[in-house]
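# Results of the structural survey
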Amino acid sequence: MRVKAIAFTALISSGFAGAAPAAETFGPLIEPATLAADPGANPPLVLDIRGAAYGEGHIPGAVAASYADFRGPKDNPGQLVPEDRLELLLQGLGVTLERPVVVVHEGDSDSDFGAAARVYWTLKSSGVSQLAILDGGMTAWEAAELPVDLTATQPTPSKIDITFSTRWLADTGAVAEVVEGRQQAVLIDARPASFFNGDKAHPAAARPGTLPGGVNLVHSSFFEEGTTLVDSASAARIAEALGVTPGQEIVSYCNTGHWAATNWFALSELAGIENVKLYPESMVGYSRTDHEMANTPGLLRNLVNQVLAN
């Protein structure tokens, strides 16, 4: 079975009556100038997920929270961090359920946004309700000529007690049920076409290909230019072009739940669609099972693809 990609050019001109814009509360995006303004009585906790780049300059008061700590092992990067380990991580970062959190990524590419979206999704699933991603990341902060600090901020540990919610989670078993027709959902592949078509595979994947019935909505479709995200209305119009109806479940996937987190964020948090789920392990995890896949090349084509890739 070979699944075809859907072309998403010129889709932003259509309308989507089934979704409402995200609620006007804290987030889901925050502009650099807004973050830099007087925060009032409950200033947000700023989590800088850029890893080593934190030491080269960060937002004053930001806490280093490496993206790698929110990910699985090298052989399955999309795997969920165990709940007990995640709770200890959030406690060490000073995360609470009462304080707003802002996630800061590098902001130098549309792919980079996926890191912030994955951390945002993890925090939301952990019960943090006041969340935002810094729009444009550290790149936008510096472009606005806002202050940068070189001194590491030591977080004040919290006593957060989490129960990881499965409301926005799709695991391999649930995805297999959709593939086999036992459950209904729209399966959205966030990867570039070369992965969707089976011409490329993640190094940790057991085989190339995609989910049967999946449609290809590349994560970059939600960026107008560079790292500028589309607005809520445009995100909703892109969703309409998918043929999504109100209340219908959507499952976003990619290789390791990184690019897929961008699609989840755009559809759930920007477009305001309620039943959007992320498949964290995505095709790396799914390809290791014996479940059916689509767009998987034969042995000869797969060999040629590997030679060309190297």
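Below: a short report on this structure. (Residues numbered from 1 in each chain as written. Predicted model: local features only at pLDDT ≥ 70, side-chain atom pairs only at ≥ 80, totals over all residues. Heavy atoms only, no water.)

## Digging into the overall build of the protein
What counts here: Put simply, DSSP H or I for four residues or longer makes a helix, DSSP E for two residues or longer makes a strand, and each gets a number counted from the N terminus. Accessible area is worked out with a 1.4 Å probe on protein chains only. A residue is then buried under 20% of its type maximum, exposed over 50%, and partly exposed in between. In what follows, a contact means two residues having at least one pair of non-hydrogen atoms within 4.5 Å. Accessible surface area values rest on a Shrake-Rupley calculation with a 1.4 Å probe, where residue burial reflects the displayed protein chains alone.
Across its full length, the protein holds 10 helices and 11 strands. By residue count, 50% of the 310 residues in the protein fall in the buried class. If you take every contact in the protein between residues at least 6 apart in sequence, the share linking residues at least 24 apart comes to 80%. With the model as given, the accessible surface of the protein reaches about 13800 Å², and the carbon-plus-sulfur share is 52%.

## Notes on the nonpolar core
The test is simple: Only buried residues count toward a nonpolar core. Its members are Ala, Val, Leu, Ile, Met, Phe, Trp, Tyr and Cys residues joined through side-chain atoms within 4.5 Å.
Of all hydrophobic cores here, the largest spans 61 residues; its most connected members are Leu47, Val95, Leu123, Phe222 and Phe265. The residues touching Leu47, leaving out its near neighbours within four places in the chain, are Val63, Ala65, Leu93, Val95, Val101, Val102, Val103, Val104 and Leu123. Among the nonpolar cores identified, the runner-up in size contains 13 residues, and Val175, Val179, Leu187 and Tyr286 belong to it.

## Regarding the sheet that holds strand E3 (residues 63-64)
The following threshold applies: Two strands form a pair only when DSSP identifies at least two bridges running between them.
With respect to topology, 5 strands assemble into an open sheet ordered E1-E5-E4-E2-E3, the strand pairing being parallel. The open sheet has two edge strands, strand E1 (29-30) and E3, and neither has a second partner. Bridge count for strand E4 (residues 101-104) against strand E5 (residues 131-134) is 3 bridges, and the pairing is parallel. Paired with Val102 across the strands is Ala132, a residue of E5.

## Section: the pattern of salt bridges
In plain terms, the rule: Here a salt bridge means any side-chain nitrogen of Lys or Arg lying within 4 Å of a carboxyl oxygen belonging to Asp or Glu.
In the structure shown here, the tally under the stated rule is 7 salt bridges. Close ionic contact of Arg50 with Asp48 constitutes a salt bridge, the shortest N to O distance being 2.9 Å. As far as burial versus exposure is concerned, Arg50 and Asp48 are alike and both buried. The partner of Glu249 in a salt bridge is Lys277, and the shortest N-O contact between them spans 3.7 Å. Highlighted residues: Glu249 in the loop between helix H7 (232-241) and strand E10 (250-253) and Lys277 in strand E11 (residues 276-278), separated in sequence by 28 residues. Residue Glu249 shares its accessibility class with Lys277, and that shared class is buried.

## Observations concerning the pairing of strand E2 (residues 45-48)
Because side chains alternate across E2, one face comprises the buried residues Leu45 and Leu47, and the other comprises Val46 and Asp48, equally buried. Bridge analysis of E2 against E4 gives 4 bridges, and the strand direction is parallel. Counted as the bridge partner of Leu45 is Val101 from E4.

## A word on the sheet that holds E10
Our working definition: Each axis is a line fitted through C-alpha atoms, and for a helix only the stretch in contact is used; angles between axes span 0 to 180 degrees, taken between their N-to-C directions.
Read from one edge of the open sheet, 4 strands run E7-E6-E10-E11, paired in parallel fashion. What marks the edges here is a single partner per strand, and that holds for strand E7 (215-216) and E11. As judged from the 4 bridges shared by strand E6 (residues 186-189) and E10, these two strands associate in the parallel manner. Looking at the pairing, Asp189 lines up with Tyr253 of E10. The strands touched by helix H8 (residues 259-270) within the sheet are E6, E10 and E11, with E11 carrying the most contacts at an inclination of about 165 degrees.

## Examining unusual backbone geometry
With an omega of 5 degrees, the peptide bond between Gly27 and Pro28 qualifies as cis. By the element assignment, Pro28 lies in the segment before E1. Positive phi, normally seen in glycine, also occurs at Ser282, with a value near 50 degrees. Examined against the element boundaries, Ser282 turns out to sit in helix H9 (residues 282-286).

## Quick word on the packing of H7 against H8
A pair of packed helices is characterised by two quantities: the angle between their axes and the separation of those axes. Counted only if it meets this: Small angles under 35 degrees read as roughly parallel and large ones over 145 as roughly antiparallel, with 65 to 115 read as roughly perpendicular and the rest as oblique. Handedness of a crossing follows from how the near helix is turned relative to the far one, being left-handed for an anticlockwise turn of less than a right angle and right-handed for a clockwise one. In this classification, the charged set is Asp, Glu, Lys and Arg, the nonpolar set is Ala, Val, Leu, Ile, Met, Phe, Trp, Tyr, Cys and Pro, and all remaining amino acids, among them Gly, are polar.
The interhelical angle for the contact between H7 and H8, taken along N-to-C directions, is 110 degrees, at an axis separation of 9 Å. With respect to H8, the axis of H7 lies roughly perpendicular. Judged by the sense of rotation from one axis to the other, the crossing of H7 with H8 is left-handed. Together, Ser232, Ala235 and Ala239 of H7 and Ala266, Leu267 and Leu270 of H8 make up the contact between the two elements. Grouping the constituent residues of the contact of H7 with H8 by class yields 5 nonpolar, 1 polar and no charged.

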